[in-house]
Every structure is written in structure tokens, then in C-alpha cells.
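Chain by chain, the residues run as shown.
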Amino acid sequence: MHAPVVIIGSGPAGLLLSHLLHVQGISSVILERKSRDYVEGRIRAGVLEMGTVGLMERVGVDARMKKEGIIHGGIYISLNGKRTHVNIEELTGGSTVMVYGQTEVTKDLIAARLAHGGEIVFEAEGVSLQGIEGDKPRVRYLKDGNMVEMTCDYVAACDGFHGVGRKTMPGVKELEKVYPFGWLGILAHAKPVADELIYAKHDRGFALCSMRSETVVRHYVQVPSSDKIEDWSDDRFWDELRTRLGEEDAELVNEGEVFEKSIAPLRSFVAEPMQHGRLFLAGDAAHIVPPTGAKGLNLAASDVHYLSEALIAKYKNNRSDLLESYSDMALARVWKAERFSWWMTTMLHKFEDDDHFEGRIRQAELQYILSSKAGLTTLAENYVGLPY
């Protein structure tokens, strides 16, 4: 068996890459360790940059997104109950973001790949890579107890932080910052708190009021890394959310049936380089950002933009320069997004040293941003996404 491109992982990065190649007549096979039901049920991010929306439009998988997605031209930042509106659209000269869940993006892309005859091998276990430095890498996996071996021209590892792609790549430098807290998040059937997202900094910790639709909300509160789901009843969560929003906004919180609850640790992580031989990393396989800046899925999309352009140039025009420079191009944008996500996280969260010098500096930084058009413009430009 041979495929021009083997893609490991059927998250948005792998699916979008496969479809971008497909519309240019380049075949690929996607290998996914989990079942389709599992992949389509994973709860992830929900804010799309316009660059990501544009990629979905380019592959013609935008109909449901445009029907159900919610365009936002701003965000709110609340500091101990005092809320400031950041008019992102005005500050950036017309740029916006779209609220549309990553789960829905994944469902749309899977349906599109299968409708166009794309090959997705779900429950492909024990994937291993050989010969990535040669002209014909080999990919092996188990399917229904049988060993399958494929050759390919290139391997794109879009298989997440714990995937085989980065583990196979020699000489990778890993840079990481682990934060001493996590996000306790819920999905609930309820009306959103406000028309746009509220990022709240409070003496008790950070909170975020988000949404998936006009009837489903996604809310978060900062919790210690040691906390467990069992520590947080629904009533305790709603009470804490109200406290961190302050008295006026607390009255806007609509409780509803909680149908998903989880705690996500926060880390910043980058692997360098993002390529070796015929193996290329994209998305969470290469980098992780804390969710404060809403960059995770969008960074994966920008990686896929660079990698798809490079592969298309190779297959269509026999140009290899874009493939050779893929890692440098992708990492230049990755590090800017890492900086923004780290910046938002440090400004908006509670740390143990808040009463010391570093804490006072973070407080002054946020106060400056909220009082300065230049500061707000910097925030807005990064929030909507830097150009590819």
C-alpha cells in the first residue's frame, strides 16, 4: 500500500490538511487511534480566528459553520466586578472572531472527507514510523488485529501532545512552562451571560463566561492543580462563578443542566524543530498553549496552512523550498501566539505572589492595557489572530 501523504490523527489539523490536499488532487490517508464516536465527542475550544474560518471556506466545509456560528466583534474584561468592553472589530479595522465549537469543526470535516471518498482509518492501533529520513517512509499499524504497512512520500503527525510523531523525531528540543493551576470547565444548557465572552480577573481567581450557542454555555473557573472534579458540585461552581464576576454581572448568570465537567491543566509547550526528513509536526504534536488566548485550534490551522502550501508546491511545481522552510515559518507564528497566550494568562490569573513585586507588575500591566488605546489595540490584534 502507498499513499502520497499519511496523516496521523483525525483532529481538526489532520482533517483540514487532508481536505486542503484533496481539493488540489493530492491523496492522503488519515490514521486515527480512537473510534469515530470518540473523536466526534471530544470537547475542545470554541473561538475561531478569521484565518481558520477562511481555510474552512477554501475547502467548502463552511455551510453549517456560517449558519450556526456566532460572529463576535469584541470581548469583555472584568476586573474585580468592573467590566470593560474591548471593541476588537473597531480596534483592528474590521476583524472579528467566530464562536463555533471544535467538536463541530471536527464533525463537519469528517463528514466532508468521507463524502469525498477520503480514507480515514479509525481505531488504527500501535502506529509506528520507519525510514523518515529516506525517500519512502514506512508507516505500520494494527487494524482489527492485523498488521498493516504502508509507504508514503511524507508523514504529517497531527496526533497531539502524546502522539508517536514527536516521539519518533530525533533531536527535538522541548520548551515548557507548567502553570500552578487548571481550568474547571462546564458545558450547560443555559442562556449566555452576555452577548460576548467575559474574561474575569478577581481576587479569588480567574473566570471565563463563554458559549457554544444561544442555548449552550461554556464557563470556566481557575482552580488549584490539586483539585478534583469531585470537589466541585454544580452548586459550588455556579456560586463561585457569580462571585468572580462581581455583584452586577452575577445577576446575569443563568443556571442550567450541566452535561459536561472537566479540569484541564494549563501549560505552554513548544517543540523545535517541527520537521525532520519526511516527517512534519502540526498542532498539539508541536505546541500547546494555555486556553486563555483561544489559540490552540487556530495555531493548528495555521500550521496546516503552511504545510499544505508546501506540499502543494512540491506536488504541483516540484518546489521543495517551502517544505524545507516549513518549521521556521510555522514556529515564527507559533512563538507569537505562545507569547500572547502566556501574557493573557499571567495578567488575568491569580498567583501566589500577587502581593509581591511581580504580582503588582501584573496588576499594573492589566490596568495599563484597559486604559490605553494602544494597549487595547495590541490585545485586539493578537486576539483576532496575526496574519499567516
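In what follows, the accompanying structure is described. (Residues numbered from 1 in each chain as written. Predicted model: local features only at pLDDT ≥ 70, side-chain atom pairs only at ≥ 80, totals over all residues. Heavy atoms only, no water.)

1. Quick notes on the sheet that holds strand β7 (residues 97–99)
As a reminder, the rule being used: Pairing between two strands requires that DSSP report at least two bridges joining them. Think of it this way: any DSSP run of H or I at least four residues long counts as a helix, any run of E at least two long counts as a strand, and we number them from the N terminus. To define axes, lines are fitted to C-alpha atoms, for helices over the stretch in contact only, and angles between the resulting N-to-C directions are given on a 0 to 180 degree scale.
Strand order in the open sheet made by the 3 strands is β3-β7-β4, with antiparallel pairing throughout. Every interior strand has two partners, whereas the edge strands, β3 (47–49) and β4 (70–72), have only one. Taken over all neighbouring pairs, the strand axes of this sheet differ in orientation by 35° on average, direction set aside. With 3 bridges connecting them, β4 and β7 associate as antiparallel partners. Each bridged residue has a counterpart across the sheet, and for Ile70 the counterpart in β7 is Val99.

2. Here's the deal with the packing of aromatic side chains
When we look at a pair of aromatic rings, we describe it by the centre distance and by the angle of the planes. As a reminder, the rule being used: Between rings of Phe, Tyr and Trp, where Trp is taken as its six-membered ring, a pair exists when centres lie within 6.5 Å; planes separated by under 30 degrees are stacked, by over 60 edge-to-face, and by other angles tilted. Exposure is judged per residue with a 1.4 Å probe applied to protein chains only, and the accessible area is read against the type maximum: over 50% gives exposed, under 20% gives buried, and values in between give partly exposed.
With the rule as written, the count across this model stands at 13 aromatic pairs. Ring geometry for Phe161 versus Phe269: centroids 4.9 Å apart, planes at 85°, classification edge-to-face. Pair noted here: Phe161 is in the loop between β11 (146–157) and α7 (164–168) and Phe269 is in strand β16 (residues 257–272), with a separation of 108 residues, a long-range link. Assessed through its relative accessible area of 2%, Phe269 is described here as buried.

3. Some words on the pairing of strand β5 (residues 75–79)
Successive residues of a regular strand alternate their side chains across the two faces of the sheet. β5 sits mainly inside the fold: 4 of its 5 residues count as buried. Here β5 runs beside strand β6 (residues 82–86); their pairing, made up of 5 bridges, is antiparallel. For Ile77, the partnering residue across the bridge sits in β6 and is Thr84. Between β5 and β6, which pair antiparallel one after the other, the connecting turn spans 2 residues, and Asn80 there sits at a positive phi close to 50°. As paired elements, β5 and strand β13 (residues 198–202) share 4 bridges and run parallel to each other. The residue of β13 that forms the bridge with Tyr76 is Ile198.

4. With respect to the packing of helix α13 (residues 357–371) against helix α14 (residues 373–384)
Under the convention used in this document: For this classification, under 35 degrees means roughly parallel, over 145 means roughly antiparallel, 65 to 115 means roughly perpendicular, and everything else is oblique. Whether two residues touch is decided by their heavy atoms; if any such pair falls within 4.5 Å, the residues are in contact. Put simply, Ala, Val, Leu, Ile, Met, Phe, Trp, Tyr, Cys and Pro go in the nonpolar bin, Asp, Glu, Lys and Arg in the charged bin, and everything else, Gly too, in the polar bin.
Here α13 crosses α14 at 100°, and the two axes come no closer than 5 Å. Comparing the axis directions of α13 and α14 gives the class roughly perpendicular. Contacts from Tyr368, Ile369, Leu370 and Ser371 of α13 reach α14 at Lys373, Ala374, Gly375, Leu376 and Leu379. For the contact of α13 with α14, the residue count by class is 6 nonpolar, 2 polar and 1 charged.

5. What to know about the nonpolar core
Heads up, the condition is: We define a nonpolar core as any set of buried Ala, Val, Leu, Ile, Met, Phe, Trp, Tyr and Cys residues linked to one another through side-chain atoms lying within 4.5 Å.
Formed by 72 residues in total, the largest nonpolar core has its most connected members in Leu16 and Leu31. The element best represented in this core is helix α10 (residues 296–317), accounting for 10 residues. Once residues lying within four places of it in the same chain are set aside, the contact partners of Leu31 are Val6, Ile7, Ile8, Gly9, Val121, Ala124, Val127, Val139 and Tyr141. Counting residues in hydrophobic clusters, the runner-up holds 34 residues, among them Ile75, Tyr220, Leu266 and Val384.

6. Observations concerning helix α6 (residues 102–115)
As a reminder of what qualifies: Between the first and last residue of a helix there are one fewer steps than residues, each counted as 1.5 Å, and that sum is the expected span.
The end-to-end C-alpha distance of α6, which contains 14 residues, comes to 20 Å, matching closely the 20 Å that a straight helix rising 1.5 Å per residue would cover. Within the span of α6, buried status applies to Gln102, Thr103, Val105, Thr106, Asp108, Leu109, Ile110, Ala112 and Arg113. Following α6 by one or two positions, Gly117 has its phi on the positive side, about 80°.

7. Some thoughts on the environment of Gln102
Relative to the assigned elements, Gln102 resides in helix α6. Owing to a relative accessible area of 14%, Gln102 belongs among the buried residues under this scheme. Along the chain, Gln102 and Ala45 lie 57 residues apart, while their C-alpha atoms are 5.4 Å from each other. Filtering out sequence-adjacent residues up to four positions away, Gln102 remains in contact with Pro12, Arg44, Ala45, Gly46 and Leu297.

8. Remarks on the sheet that holds β13
In spatial order, the strands read β6-β5-β13-β14-β15-β12-β16-β19; together these 8 strands make up an open sheet with mixed pairing. The open sheet terminates on both sides in strands that have one partner only, identified here as β6 and β19 (287–288). The pairing of β13 with strand β14 (residues 205–211) spans 5 bridges and is antiparallel. Pairing of Ile198 across the sheet is with Cys209, part of β14. Helix α12 (residues 326–348) contacts β5, β12 (173–189), β13, β14, β16 and β19 of the sheet and is inclined by roughly 125° relative to β16. Across the face of the sheet, α13 comes into contact with β5, β6 and β13 while running at roughly 135° to β5.

9. Details of the packing of helix α1 (residues 12–22) against α10
What counts is decided by this rule: Should the near helix be turned anticlockwise from the far one by less than a right angle, the crossing is termed left-handed; should it be turned clockwise, right-handed.
Put simply, α1 and α10 touch, their axes get as near as 9 Å, and they point 30° apart. As the angle between them shows, α1 and α10 are arranged roughly parallel. The handedness of the crossing between α1 and α10 comes out as right-handed. On α10, the residues touching Pro12, Ala13, Leu16, Leu17, Leu20 and Leu21 of α1 are Leu297, Ala300, Ala301, Val304, Leu307, Ser308, Leu311 and Ile312. A class-by-class count of the residues in the contact of α1 with α10 yields 13 nonpolar, 1 polar and no charged.

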